[in-house]
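Structural overview for review
Read off the chains here:
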Amino acid sequence: RKEVEQDPGPFNVPEGATVAFNCTYSNSASQSFFWYRQDCRKEPKLLMSVYSSGNEDGRFTAQLNRASQYISLLIRDSKLSDSATYLCVVKGSNYKLTFGKGTLLTVNP
Amino acid sequence: EPEVTQTPSHQVTQMGQEVILRCVPISNHLYFYWYRQILGQKVEFLVSFYNNEISEKSEIFDDQFSVERPDGSNFTLKIRSTKLEDSAMYFCASRREEGMNTEAFFGQGTRLTVV
């Protein structure tokens, strides 16, 4: 099983759509969870941390299910500027971040 | 806003040559990382560095790779004898502290092309 596995995508959605990304991780000792976004040929940038209680930041909602080792990201009312690759990232008990391969989202006008 | 800066933005080198990729982490950060991303693939961890020593390294980080923090501000990645498969985007990152959800900030990357 891959350390961090994401929906392969790509996702093509119209503006205003709701889109959900799923991610699973294999290491049950993982401590912290994040969603990053990466624009083409740019560095990853933190979108939001993911907490067990779930958290929301405007149009973005992240959920964590530790028992299932599952993380999700929901984007509501998607904008053209949301087009990017969304990276599920897991931090373990050591110092490293483990990235999923990412899911490409294209929001169309 | 403080940022991680990397130089050069693009480096072209001949196979077998040594390269040094440079990074200036955010000034009050304590944890430093190098990651790489081969075109079309995922971001991969190379090495983490804390308190002037390597904390962890991946299988990719073999004897051809080394890191150094020579002067308290720069953080460098050296590849001694580059191979074609070292061609990738190399990202430096830094983190302020080892809290549960402290953010790692990434530099804009150095695109290394080995010919």
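In this convention, every chain numbers its residues from 1, walking through the sequence in written order. Naming scheme: in the order in which they are written, chains are lettered from A and ligands are numbered from 1. Selection of residues for local features in this predicted model requires a pLDDT of at least 70, selection of side-chain atom pairs for listing and counting requires 80 or more, and totals for whole chains, interfaces and linings are taken over all residues. Only hydrogens and water are set aside when side-chain values are computed; all heavy atoms of the structure are taken into account.

Once that is clear, we can look at the pairing of strand β9 (residues 84–91) of chain A. Residue and element names in this part refer to chain A. For β9, the tally of buried residues reaches 8 of 8 residues, placing the bulk of the element in the interior. As judged from the 3 bridges shared by β9 and strand β11 (residues 103–108), these two strands associate in the antiparallel manner. Its bridge partner being in β11, Y86 is matched across the sheet by T103. One requirement defines pairing of two strands: DSSP has to find at least two bridges between them. The secondary structure listing takes helices from DSSP runs of H or I that are at least 4 residues long and strands from runs of E that are at least 2 residues long, numbered from the N terminus. Pairing of β9 with strand β10 (residues 97–99) involves 3 bridges; the strand directions are antiparallel. Residue pairing across strands places V89 opposite F99, the latter belonging to β10. Accessibility here uses a 1.4 Å probe with only protein chains present; expressed as a share of the type maximum, an area under 20% marks a residue as buried, one over 50% as exposed, and anything in between as partly exposed.

So, on to the packing of aromatic side chains. Paired rings are identified among Phe, Tyr and Trp, the last through its six-membered ring, by centres lying within 6.5 Å, and are further divided according to the angle between planes into stacked (under 30 degrees), edge-to-face (over 60) and tilted (the rest). Per the stated rule, a full pass over the model turns up 18 aromatic pairs over all chains. Both rings, one in Y25(A) and one in F33(A), keep their centres 4.8 Å apart while their planes meet at 40°; by these two values the pair is tilted. Of the two residues examined, Y25(A) and F33(A), each falls in the buried class. For the ring pair Y31(B) and Y50(B), a centre distance of 4.4 Å and an interplane angle of 10° mean the geometry is stacked. Of this pair, Y31(B) sits in strand β4 (residues 31–37) while Y50(B) sits in strand β5 (residues 43–50), and the two are 19 residues apart along the sequence.

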